[in-house]
Amino acid sequence: CPPLRHRSRELPHMDGASAFRGLALAAAAYLGAGGKTSIRDIAEFLHSFANVMHLAPLSGGPCLCNEPVSAQVLTLAAAAVAPQLHFASTQDIAKLIGSVAAAWAFMPQL
């Protein structure tokens, strides 16, 4: 996994990687089925998700950035955001840009 370069600290007893993997699975299933959601919700999710991609499960295993669901949910979220960009606030745009930058550091192939 890439070295940790994040401003916040993970709670010592919280498995952030497993929690966000579960959220990514749910988001991918929802977005993949054509689920509609606001650009604000997608921006908030992507912002949070991209900033924890460096985490690995406490029980061991690959970092979140190496999980197949990560690429899937990022791709689906980008596709869901594209037609809504004209509705985005400056805050939404800033979070989306930051999410892309953070995710790109871990997954340049996307």
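Residues numbered from 1 in each chain as written. Predicted model: local features only at pLDDT ≥ 70, side-chain atom pairs only at ≥ 80, totals over all residues. Heavy atoms only, no water.

Draft legend 1. Looking closely at the packing of helix α2 (residues 39-50) against helix α3 (residues 68-81). Orientation of α2 relative to α3, taken along the N-to-C sense of each, is 150°, at an axis distance of 10 Å. On the basis of the axis angle, α2 is roughly antiparallel to α3. When you trace α2 past α3, the crossing you get is left-handed. Between α2, through Ile 39, Ile 42, Phe 45, Leu 46 and Phe 49, and α3, the contact on the second element is made entirely by Ser 70, Val 73, Leu 74, Ala 77, Ala 80 and Val 81. Of the residues belonging to the contact of α2 with α3, the class tally is ten nonpolar, one polar and no charged. (Axes fitted to C-alpha atoms, helices over the stretch in contact; angles between N-to-C directions. Helix = DSSP H or I, 4+ residues; strand = E, 2+ residues; numbered from the N terminus. Parallel < 35°, antiparallel > 145°, perpendicular 65-115°, else oblique. Left-handed = near helix turned anticlockwise from the far one by under 90°. Contact = heavy atoms within 4.5 Å. Nonpolar A, V, L, I, M, F, W, Y, C, P; charged D, E, K, R; others polar.)

Draft legend 2. Region of the structure containing the packing of aromatic side chains. This model, assessed by the stated rule, comprises two aromatic pairs. Taking the centre distance of 6.5 Å and the plane angle of 50° together, the rings of Phe 20 and Phe 49 count as tilted. Within this pair, whereas Phe 20 is found in helix α1 (residues 16-32), its partner Phe 49 is found in helix α2, the two being separated by 29 residues in sequence. Take Phe 20: its relative accessible area is 16%, and that puts it in the buried class. For Phe 49, a relative accessible area of 0% gives the class buried. Here the aromatic cluster, defined as three or more aromatic residues joined through ring pairs, consists of Phe 20, Phe 45 and Phe 49. (Phe/Tyr/Trp six-rings, centres within 6.5 Å; stacked < 30°, edge-to-face > 60°. Buried < 20%, exposed > 50% of the residue type's maximum accessible area, 1.4 Å probe, protein only.)

Draft legend 3. Structural detail: the environment of Ala 28. Mapped onto the elements of the fold, Ala 28 is located in helix α1. Distance in space between the C-alpha atoms of Ala 28 and Val 73 is 4.9 Å, their sequence separation being 45 residues. Beyond its immediate stretch of four places on either side in the chain, Ala 28 contacts Val 69, Gln 72, Val 73 and Leu 76.

Draft legend 4. Summary view of a nonpolar patch on the surface. On the surface, Leu 85, Ile 93 and Ile 97 cluster together to form a nonpolar patch covering roughly 250 Å² of accessible area. Mapped onto the fold, Leu 85 is located in the loop between α3 and α4 (90-106). (Patch = residues over 30% accessible without salt bridge, like charges linked within 9 Å, V, L, I, M, F, W, Y side chains within 5 Å. Areas by Shrake-Rupley, 256 points an atom, 1.4 Å probe, with all protein chains shown as cover. Salt bridge = Lys/Arg side-chain N within 4 Å of Asp/Glu carboxyl O.)

Draft legend 5. Geometry of the pattern of salt bridges. This model, assessed by the stated rule, comprises three salt bridges. One salt bridge connects Asp 92 with Arg 40, and the closest N-O pair in it is separated by 2.5 Å. Here Asp 92 is found in helix α4, whereas its partner Arg 40 is found in helix α2, with 52 residues between them in sequence.

Draft legend 6. The arrangement of α2 in detail. For α2, which comprises twelve residues, the first-to-last C-alpha distance of 16 Å matches the rise-based estimate of 16 Å (1.5 Å per residue) to within 8%. Of all the positions in α2, only Ile 39, Ile 42, Ala 43, Phe 45, Leu 46, Phe 49 and Ala 50 are classed as buried. Down the axis of α2, the buried side of the element spans an arc of 165°, and every buried residue falls inside it. Next to the buried residues of α2 lie α1, α3 and α4. (Expected span 1.5 Å × (residues − 1). Arc of directions from axis to C-beta.)

Draft legend 7. Molecular detail of the packing of α1 against α3. Where α1 meets α3, the closest approach of the two axes is 9 Å, and the angle between their N-to-C directions is 45°. What the angle tells us is that α1 and α3 run oblique. Regarding α1 and α3, the two cross each other, and that crossing is left-handed. Along the contact surface, α1 presents Arg 21, Ala 24, Leu 25, Ala 27, Ala 28, Leu 31 and Gly 32, while α3 presents Val 69, Gln 72, Val 73, Leu 76, Ala 77 and Ala 80.

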